Structures are given as structure tokens and as C-alpha cells.
Amino acid sequence: MKLLAWALRLRLPGLTGRAPAWERLGPWSSEGLQPPRRASVRASVRAFGSKCGPSASGRIMRPDDANVAGNVHGGTILKMIEEAGVIISTRHCNSQNGERCVAVLARVERTDFLSPMCIGEVAHVSAEITYTSKHSVEVQVHVMSENILTGTKKLTNKATLWYVPLSLKNVDKVLEVPPVVYSRQEQEEEGRRRYEAQKLERMETKWRNGDIVQPSLNPEPNTVSYSQSSLIHLVGPSDCTLHGFVHGDSCSDNTGLEVPSSGNTAGTQEDLLDAGVTMKLMDEVAGIVAARHCKTNIVTASVDAINFHDKIRKGYVITISGRMTFTSNKSMEIEVLVDADPVVDNTQPRYRAASAFFTYVSLSQEGRSLPVPQLVPETEDEKKRFEEGKGRYLQMKAKRQGQVDPQP
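Residues numbered from 1 in each chain as written. Predicted model: local features only at pLDDT ≥ 70, side-chain atom pairs only at ≥ 80, totals over all residues. Heavy atoms only, no water.

A. Region of interest: the side chain of Glu 138. Relative to the elements of secondary structure, Glu 138 occurs in strand β5 (residues 137-146). Relative accessible area serves as the criterion here: at 0%, Glu 138 is assigned to the buried category. Side chain to side chain, Glu 138 and Arg 194 meet in a polar contact 2.7 Å long. Residue contacts for Glu 138: discarding those within four places in its chain leaves Glu 128, Ile 129, Thr 130, Tyr 131, Thr 160, Leu 161, Trp 162 and Arg 194. (Helix = DSSP H or I, 4+ residues; strand = E, 2+ residues; numbered from the N terminus. Buried < 20%, exposed > 50% of the residue type's maximum accessible area, 1.4 Å probe, protein only. Polar contact = N/O pair within 3.5 Å; in protein donor to acceptor, adjacent residues only side chain to side chain. Contact = heavy atoms within 4.5 Å.)

Here you go:
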């Protein structure tokens, strides 16, 4: 009751029923600030043709889940999506007699933030297994928010995630996935096409793994160096998964998805970083970069594919770096790179653990979209990244408009 009274007193959109001005902007979410790890979700989870049953939990969105404007952080939403995905995929992979395993997140496809979620609303997450290969599971997730005073529900996010099952006895062992029964043959064929497409996209990200964000002295405004930011984080016990495995730290095998790299002893478990924590930190850094560039309130519009390349253990130090790659009139693309440093292990050098592209928009205090200061690329690498970002922007714009050939 104290929470409801507090929210009503501030006339937050989630509880007053008023349509906020920014709803006219289309896909977006909150700025990238790290929320608490205890965020839970209502997960209505099912898999057709699978023995795993539904699971449900729920929690109202509280003030510490959101920014000062009352909008739930994008990192919180990404964490909710990952939680639902790991529940259903782990259940499915353990639905048959055999070696026990835990599902590990390898990739999150593009995620659009379709509608705001506010303090006082209840989050609902539904997940469904839509395709399985020999060593991977595709999970499609929908996120909805509910105004508990009016009963109104709205879709906030859609995402596709890919998991691989790892043995609880040996982190290096990838197990086979139980097949699902498709109601139509077309479902399996469409799933196979999606699997092959993401496999190719993952391979295209490999070349960036050696790229490093370098600091610059006295950078000029609107340049890449001016807004780039880094966050250094020591992985502690509270950051790790319950099963001693990371949700999304891996290296590639011939399945096209990432599977754990070597370094673990068979028959033992390790405390490894939770992928939801990783995504929250990535969202936080991307939000800082966007805010530094435009000096206004910023919100997440979308997250391009998040790829997990290698695992991160407890005690490692991770550096999350973000840099602006492209700006259109009203949006900013930020590349986020996660590097892991074993610190006390001299046998393994620093390595790339994850990477993604975040897109942000700038808002006025009234919630209206603002023009974004145009990025000024200086070096040849920055100019190359700008053109690549422009290509992704035009491709997505054409997809939304139903065009075949994107036009500048």
C-alpha cells in the first residue's frame, strides 16, 4: 500500500492510466542503469511437444527498478527475459532420463522495446521453445506489463534466445537436446532457417574480438572519444549462477552456437558469471555513452544481437566498454564490448567475452523525442564503423517499412 500511495502521489503513468507523451515515439525503454539482481518475473513457460510444465512467478515493479522518471531500466527487462528463457530451456533439456544439465545462454537476437514499463505495474513474461537442433534450443519470449488498477495489459518486448545444454558434471561437455514435436512441418523448416541465419551472423562478429576501446586525452564534443565509457567489475559470488554455470559464456563448436571453452576439470563445478548480470552492466554502460553524447534523458529503443563468446569465472575482472558508432537524426547506436581478465591466472590472457549493439533515443523532460547531435568520426576505423552502423540502421528501417531495398 505504501508503494501504491507513493506512485499515485507522483502521478506515475504506470498507475494513473494517463498515456505518457513518449508512447508516440515507438520502440524504446529506460536508460541503461543497473537495477538490483533480485528482480523477478511472472514466467508463463511452455514448450510444445515437451514434457516440461508451466512455471509462474511475479512481482510488482518498484522504485528501485526504475530511473527518476519512473521508467523500468532496460537491464531489468533483459534480465527478466533471460530468466524465463533459462527456466524453460533447462527444464526441456532435463525432460528425459540422462545426464543432468543446465541450459547456457549463447545468443540473444534483436530485442525491440515496444512500450514503456513503469513503477507500480506487474511484469509478465511468457516463453516458448520454438526450435531445437542437436545441441541448441531456440526460445521465444514475450514481455507484457499490467496496470493492476485498470487491468490494462500491453506488450513491451519480444526476443529470441538460443541456449546450449551443459553437463552439471563437466562444464566442457555439451549434451544433446531432446527433440520437440512440431504441429506443422513448416515450423521445423522455419526454425532451421532461423538457426542457420543466426549461425552466419555469429561468425561475422568474430572479427571484432580483437578490437579494443582506447581512451583519448581532451576529446572534442560529439566525437567517439568524448562519450566512450568503461566500467570495471570484479565478479563476486552474488553475480554467479545458482548451478555454478554462467548463462552465456562460451566458445564456438560446429553447432553454430557458443559452447564452453576448455579450462575446467571434469566432475567439478565452477562459479561463473550470470548472463543476466552481464546484460545489465552492458545496458548501464551503453546508457552512459548515450547520455554523455546528447546531454539529455535517454531511453533504450532496441538491442541488436547479444553474442556471448567465452565464459567468465568468479574472481575475474571484467571491463565493459561502450562507444558510439552511428547517429541518425533521432537515434544513437552504441557498441558494447565485454572483456575478461583472469587476474590471478597467468596462463590465460585477457579475452573478449561478449559483444552487442544498443540503440538509444533522446527525450525532452516532457517525453518528446529530440534531435541527436551528429557523431563526428575522426579515424578511419571510426568512419568504417559509422558506415557499418548506417547500413544496419537502413536495413532495419527498410524492414519496418516493408521495403526491399533500403534507401538513405
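B. Layout of the pattern of salt bridges. Using the criterion set out here, one finds 15 salt bridges in the structure. Across the salt bridge formed by Lys 79 and Asp 274, the nearest N and O atoms sit 3.1 Å from each other. Of this pair, Lys 79 sits in helix α3 (residues 74-93) while Asp 274 sits in the loop between β9 (258-259) and α6 (275-294), and the two are 195 residues apart along the sequence. Each member of the pair, Lys 79 as well as Asp 274, carries the same accessibility label: buried. Here Arg 192 and Glu 188 are joined by a salt bridge, their closest N and O atoms 3.4 Å apart. (Salt bridge = Lys/Arg side-chain N within 4 Å of Asp/Glu carboxyl O.)

C. Quick peek at the pairing of strand β13 (residues 332-341). With nine of its 10 residues buried, β13 lies for the most part within the structure. Alignment of β13 against strand β14 (residues 351-363), held across nine bridges, turns out to be antiparallel. Counted as the bridge partner of Val 336 is Ala 356 from β14. (Pairing = 2+ DSSP bridges.)

D. Representation of the packing of α3 against α6 in the model. Between α3 and α6, the least distance of the axes is 8 Å, while the angle of their chain directions is 160 degrees. The orientation of α3 with respect to α6, classified from their angle, is roughly antiparallel. The way α3 lies across α6 gives a crossing that is right-handed. Facing Gly 74, Gly 75, Leu 78, Lys 79 and Glu 82 of α3, the residues of α6 in contact are Ala 275, Gly 276, Met 279, Lys 280 and Asp 283. Grouping the amino acids of the contact of α3 with α6 by side-chain chemistry returns three nonpolar, three polar and four charged. (Axes fitted to C-alpha atoms, helices over the stretch in contact; angles between N-to-C directions. Parallel < 35°, antiparallel > 145°, perpendicular 65-115°, else oblique. Left-handed = near helix turned anticlockwise from the far one by under 90°. Nonpolar A, V, L, I, M, F, W, Y, C, P; charged D, E, K, R; others polar.)

E. Structural view of the nonpolar core. If you look at the biggest cluster of nonpolar residues, it comprises 73 residues, and the most contacted ones within it are Met 282, Ile 312, Ile 318, Ile 320, Met 332, Ile 334 and Phe 358. At 10 residues, the largest contribution of residues to this core is made by α6. Excluding residues that lie within four positions of it along the chain, Met 282 makes contacts with Ile 306, Ile 320, Val 336, Val 338, Ala 354, Ser 355, Ala 356 and Phe 358. (Core = buried A, V, L, I, M, F, W, Y, C linked by side-chain atoms within 4.5 Å.)

F. Representation of the state of the cysteines. Per the counting criterion, the structure on display carries zero disulfides. Between Cys 93, a cysteine without a disulfide, and Cys 101, which holds the nearest cysteine sulfur, the sulfur-to-sulfur distance is 4.9 Å. Among the residues examined, Cys 93 registers a relative accessible area of 7% and is labelled buried. With relative accessibility at 5%, the residue Cys 101 sits in the buried group. (Disulfide = S-S within 2.5 Å.)

G. Layout of α3. Here α3 spans 29 Å end to end across 20 residues, near enough to the 28 Å set by a 1.5 Å rise per residue. The buried count for α3 comes to 18 of 20 residues, which makes it a mostly enclosed element. (Expected span 1.5 Å × (residues − 1).)

H. Summary view of the packing of aromatic side chains. In this structure the tally under the stated criterion is six aromatic pairs. Grouping aromatic residues by their ring pairs yields a cluster made of Tyr 131, Trp 162, Tyr 182 and Tyr 195. Seen from the ring of Phe 357, Arg 392 lies directly overhead, with NZ or CZ sitting 3.9 Å from the centre. (Phe/Tyr/Trp six-rings, centres within 6.5 Å; stacked < 30°, edge-to-face > 60°. Lys NZ or Arg CZ within 6 Å of the ring centre and 35° of its normal.)

I. Looking closely at the confidence of the model for the protein chain. Per-residue pLDDT for the protein chain averages 78, and the proportion of residues at 70 or more is 75%. Here residues 258-268 is a poorly scored stretch, pLDDT under 50, and it has 44 contacts once near neighbours within four places are set aside; other chains count. Within the model, pLDDT remains below 50 along residues 404-408, and this stretch shows five contacts once partners closer than five positions in the same chain are excluded. (pLDDT = per-residue confidence, 0-100.)

J. A look at unusual backbone geometry. Positive phi, close to 75 degrees, is recorded for Asn 222, a residue that is not glycine. One can find Asn 222 in the loop between α4 (185-204) and α5 (224-227). Phi is positive for Lys 295, close to 60 degrees, though the residue is something other than glycine. By secondary structure assignment, the location of Lys 295 is in the loop between α6 and β10 (297-303). Residue Lys 295 is classed as exposed on the basis of its relative accessible area of 57%.

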